[in-house]
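Fold and geometry: a report
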Amino acid sequence: MNLKTCYRIIAALMVLMLLPAMAFAAGTADRSVSVGAKNFTEQYITGEMVALLLEAEGFDVTRRFGMSSFALRQAQLSGQ
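Residues numbered from 1 in each chain as written. Predicted model: local features only at pLDDT ≥ 70, side-chain atom pairs only at ≥ 80, totals over all residues. Heavy atoms only, no water.

As a further point, take the overall build of the chain. Along its length, the chain carries three helices and two strands. Counting from the amino terminus, helix and strand elements in the chain follow one another as α-β-α-β-α. Pairs at least 24 apart in sequence give 65% of the contacts found in the chain among residues at least 6 apart. Taken as a whole, the chain presents about 6,000 Å² of accessible surface, with 63% of it coming from carbon and sulfur. (Helix = DSSP H or I, 4+ residues; strand = E, 2+ residues; numbered from the N terminus. Contact = heavy atoms within 4.5 Å. Areas by Shrake-Rupley, 256 points an atom, 1.4 Å probe, with all protein chains shown as cover.)

Encoded structure:
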C-alpha cells in the first residue's frame, strides 16, 4: 500500500467519524452546511458522497467544489 492510498483511507475515516458528530450538533442548530472539495477527481467524488449523506439526514447542503487548498484551509480555520 502506497502513501497516497493511506492518506485517502485516513481522510475517508475522518469524514465518517465527523458525520455523526455533525448530525448530533445540528439537532439543535441550523441544518445548513457547506461541503468543500479540491479540484481532484477523488475530492469531487468524496465531496459528493458526503453531500448526499448529509442531504439524506435532512441537511441543506451547499456544494463548493474545485476549491484551492488555501481557500479550504482558511474556511476550516474560520469555522465556515
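Next, the rest of the story.
This part covers the nonpolar core. Judged by nonpolar contacts, Val33, Val35, Val50, Ala51, Leu54, Phe59 and Val61 together constitute the single largest core of seven residues. Those elements that provide at least two residues to this core are strand S1 (32–38) and helix H2 (41–56). Examining the composition of this core, we find that three residues originate from one element, H2, more than from any other. (Core = buried A, V, L, I, M, F, W, Y, C linked by side-chain atoms within 4.5 Å. Buried < 20%, exposed > 50% of the residue type's maximum accessible area, 1.4 Å probe, protein only.)

Every second residue of S1 is oriented toward a common face, the buried set being Val33, Val35 and Ala37 and the non-buried set Ser32, Ser34, Gly36 and Lys38. Direction of pairing for S1 relative to strand S2 (residues 60–67): parallel, over a ladder of seven bridges. Considered in S2, the bridge of Ala37 is made with Phe65. In this fold, the crossover linking S1 to S2 by way of H2 has right-handed handedness. (Pairing = 2+ DSSP bridges. Right-handed = clockwise from strand over helix to strand, strands pointing away.)

As for its placement among the helices and strands, Ala12 is situated in helix H1 (residues 3–25). For Ala12, a relative accessible area of 36% translates into the label partly exposed. Residues Ala12 and Val50, 38 residues apart in the sequence, show an inter-C-alpha distance of 9.8 Å.

Pairing between side chains of opposite charge can happen when the charged atoms of each approach one another. If you walk through the whole model with that rule in mind, you get two salt bridges. Among the salt bridges present, the one from Arg63 reaches Glu48, with a minimum N-O distance of 2.9 Å. Residue Arg63 is located in strand S2, and its partner Glu48 is located in helix H2; the two are separated by 15 residues in the primary sequence. (Salt bridge = Lys/Arg side-chain N within 4 Å of Asp/Glu carboxyl O.)

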